[in-house]
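Residue-level listing of the chains:
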There are 2 protein chains.
Amino acid sequence: MIKTSRPKSRDLIMDAMESILNQDSFEVATVDAVIERSGVARGTFYYNFPSKNAVIHALARRAAQPMVLRARERLSNDAPLSEILTDIAQGITDWNQQHPKLGRAVLSSTYDERGVPAPSDPNSPESFRNFLSEVFLMSQQRGEIREDIPAMNLSLMFTGMLYQGLFMWFVRPEAANLSLWAEQSTSLFLEGVKL
Amino acid sequence: MIKTSRPKSRDLIMDAMESILNQDSFEVATVDAVIERSGVARGTFYYNFPSKNAVIHALARRAAQPMVLRARERLSNDAPLSEILTDIAQGITDWNQQHPKLGRAVLSSTYDERGVPAPSDPNSPESFRNFLSEVFLMSQQRGEIREDIPAMNLSLMFTGMLYQGLFMWFVRPEAANLSLWAEQSTSLFLEGVKL
């Protein structure tokens, strides 16, 4: 019984966190608030997740899953990198525009209280940076892109550019065009700035 | 008398902050600690700076000044963008390697407690992103680089790539080669990833 109820508790916790984040803010979404909203026991929470941020990361992975599946399918169909990257960048910005509070929480959860990234699972096979690194590695093996920069570094550089746009948009939504940012970042990443 | 003593208090405050940050950490460097170390009155502190972060930003600007002057000189001598950017990227990483605690404080000061950037003076003519934007604008006017991406966006994209390397280095210094990161980021930014 414990085994079959486990995935259900996990979903209850994630759904409670998602609903609190969409209605309120990152600060309000404490472990206590999630436990209360989800109705699970404290022990059940910690059995499924080590921390608040772990729940948020799981939400981000759940949200990214359709995009990841689409990209994997395109990769196996030999779609060009430009097409795959455009879809990924647009997918990230679209999702953030549809879930601005949740998106902000996801960004917040990747930084500690001093604004320095606290990657909880840098080597998790599920992490987005690893997925993106895999995309670049396949593209390098196909001979599409340069090989002198490791695929993981390319992954971090591309997300670094995208994140700046998200940051600007969170701080001054009226001044930032997130879709245009995604388009420009992708183009710069592929082609560079030089004429 | 007040007028001539003002720059001196400002320097005393900045020096005190610098020494606390180099010895201790971002958390220890409170306004109270800076006041105590510098020996200035509380009123004098707030006459010169609105906040702790404002002092750290001033320190970052003071540190960046030689690099900015060098870049401006090269710009006026029509040096190619690649040379100027390489120097800037290397200057930033070198300075962080020489002042890791201060560097981490500078990064921390640009984010609020939720890890979202809180740019105190996005339009300050002294801000680094503005300086870099000016470099790209001149390069665009010379016809060296693409004009379809605004110079300010280019500035943010380039710093976004550099920051990712700094973040990695702060979190796992043993796993990151900051100088190589600066070189690779600059090259990717200029040439793009496509073959």
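Residues numbered from 1 in each chain as written. Chains lettered and ligands numbered in written order. Predicted model: local features only at pLDDT ≥ 70, side-chain atom pairs only at ≥ 80, totals over all residues. Heavy atoms only, no water.

To continue, consider the pattern of salt bridges. If charged atoms from side chains of opposite charge come close, those side chains can pair. Residue and element names in this part refer to chain B. Taken as a whole and assessed by the stated rule, the structure comprises 24 salt bridges over all chains. Close ionic contact of Asp 15 with Arg 62 constitutes a salt bridge, the shortest N to O distance being 3.0 Å. Within this pair, whereas Asp 15 is found in helix 1 (residues 2-23), its partner Arg 62 is found in helix 4 (residues 52-76), the two being separated by 47 residues in sequence. Using a relative accessible area of 31% as the deciding quantity, one classes Arg 62 as partly exposed. A salt bridge links Arg 172 to Glu 174; the nearest nitrogen and oxygen atoms lie 3.9 Å apart. Note on Arg 172: relative accessible area 34%, which makes it partly exposed. Here Glu 174 falls in the exposed class, since its relative accessible area comes to 64%. (Salt bridge = Lys/Arg side-chain N within 4 Å of Asp/Glu carboxyl O. Helix = DSSP H or I, 4+ residues; strand = E, 2+ residues; numbered from the N terminus. Buried < 20%, exposed > 50% of the residue type's maximum accessible area, 1.4 Å probe, protein only.)

What follows is about the UniProt feature "transmembrane region" (unreviewed entry) in chain A. Look at the UniProt record and you will see "transmembrane region" (unreviewed entry) annotated at residues 151-171 of chain A. Spanning residues 151-171 of chain A, this segment combines 100% helix with 0% strand, and its end C-alpha atoms are found 30 Å apart. (UniProt positions renumbered as here; feature names shortened; annotations may be inferred.)

Before going further, it helps to examine the interface of chain A and chain B. In this assembly, 46 residues from chain A lie in contact with 46 residues from chain B. Summed over both sides, the interface between chain A and chain B buries roughly 4,500 Å², with carbon and sulfur atoms accounting for 62% of that surface. Across the contact surface, chain A and chain B share 2 salt bridges. As a salt-bridge pair, Lys 194 of chain B and Glu 191 of chain A come within 3.1 Å of each other at their nearest N and O atoms. When residues of the side of chain A that touches chain B are traced back to their parent elements, those giving at least two are helix 6 (100-109), helix 8 (151-171) and helix 9 (178-191) of chain A. (Contact = heavy atoms within 4.5 Å. Buried area = accessible area lost by both parts, 1.4 Å probe.)

The subject of this paragraph is unusual backbone geometry. Residue and element names in this part refer to chain A. For Asp 78, which is not a glycine, the phi torsion comes out positive at approximately 60°. By secondary structure assignment, the location of Asp 78 is in the loop between helix 4 (52-76) and helix 5 (81-98). We classify Asp 78 as exposed; its relative accessible area is 57%.

What follows deals with the relation of the copies chain A and chain B. Relative to chain B, chain A is turned by 180° and slid 0.0 Å along the rotation axis, the superposed coordinates differing by an RMSD of 0.0 Å. The transformation just described matches what one would write down for a two-fold rotation axis. In terms of C-alpha distance to the rotation axis, chain A has Gly 192 of chain A as its closest residue, with the C-alpha 1.8 Å off the axis. The overlap is high: 100% of the interface residues of chain A also sit at the interface in chain B, so the same surface is used on both sides. (Least-squares fit on C-alpha atoms with pLDDT ≥ 70 in both.)

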